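Spelled out, the chains give:
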Amino acid sequence: MTSPNRKVAAEVLEENMVANAPLDDDEPTTEELVEMLRESIEDVKAGRTRPARELLRELREILAADADPSRRR
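Quick caveat: nothing in here was measured; it's all calculated off a predicted structure.

*Asks:* Please clarify how the overall build of the chain should be interpreted in this entry.
*Replies:* For the chain, the count of helices and strands is three helices and zero strands. For the chain, the N- to C-terminal ordering of α and β elements is α-α-α. Counting every position in the chain, which comprises 73 residues, the buried fraction comes to 1%. Per element, the accessible surface of the chain, about 7,400 Å² overall, is 56% carbon and sulfur.

Put into structure tokens, the structure is as follows:
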């Protein structure tokens, strides 16, 4: 059984490790996400959209590729 002090120390270390973890370079920042949403809203307002069927087909292809174990890294 661990002492309460060790438990607290382990929790603090775990929290700090998550907080200090390096950001994934492939992920957009919050600012980038907000800007992408603004642009998307403007596109919708201006009528620059694509058919839903096209989007759904693309999503199905992405999901199929993710489910295919031979295409994983």
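*Asks:* Just to check I follow, could you spell out a nonpolar patch on the surface for this structure?
*Replies:* Residues Leu55, Leu56, Leu59 and Ile62 make up a contiguous nonpolar surface patch of roughly 320 Å² in combined accessible area. Positionally, Leu59 belongs in helix H3 (residues 52-67).

*Asks:* Help me understand the pattern of salt bridges in this model?
*Replies:* Working definition: two side chains of opposite charge can pair if their charged atoms are close together. Taken as a whole and judged by the stated rule, the model has six salt bridges. Put simply, Arg50 and Glu54 hold a salt bridge, and the shortest N to O gap is 3.4 Å.

*Asks:* Explanation requested: helix H2 (residues 30-46) in the structure shown.
*Replies:* For the α-helix, the turn length of 3.6 residues means that residues three or four positions removed from each other point alike. Across its 17 residues, H2 extends 24 Å between first and last C-alpha, which sits within 8% of the 24 Å expected from 1.5 Å per residue. At the exit of H2 stands Gly47, carrying a positive phi of roughly 80 degrees.

*Asks:* What should I look at first to understand the confidence of the model for the chain in this one?
*Replies:* The predicted coordinates should not be examined in detail at positions where pLDDT is low. Mean pLDDT for the chain: 83, with 81% of residues reaching 70 or above. Element-level mean pLDDT values for the chain span from 72 in helix H1 (residues 4-19) up to 95 in H2.

Conventions and cut-offs
Residues numbered from 1 in each chain as written. Predicted model: local features only at pLDDT ≥ 70, side-chain atom pairs only at ≥ 80, totals over all residues. Heavy atoms only, no water. Helix = DSSP H or I, 4+ residues; strand = E, 2+ residues; numbered from the N terminus. Buried < 20%, exposed > 50% of the residue type's maximum accessible area, 1.4 Å probe, protein only. Areas by Shrake-Rupley, 256 points an atom, 1.4 Å probe, with all protein chains shown as cover. Patch = residues over 30% accessible without salt bridge, like charges linked within 9 Å, V, L, I, M, F, W, Y side chains within 5 Å. Salt bridge = Lys/Arg side-chain N within 4 Å of Asp/Glu carboxyl O. Expected span 1.5 Å × (residues − 1). pLDDT = per-residue confidence, 0-100.

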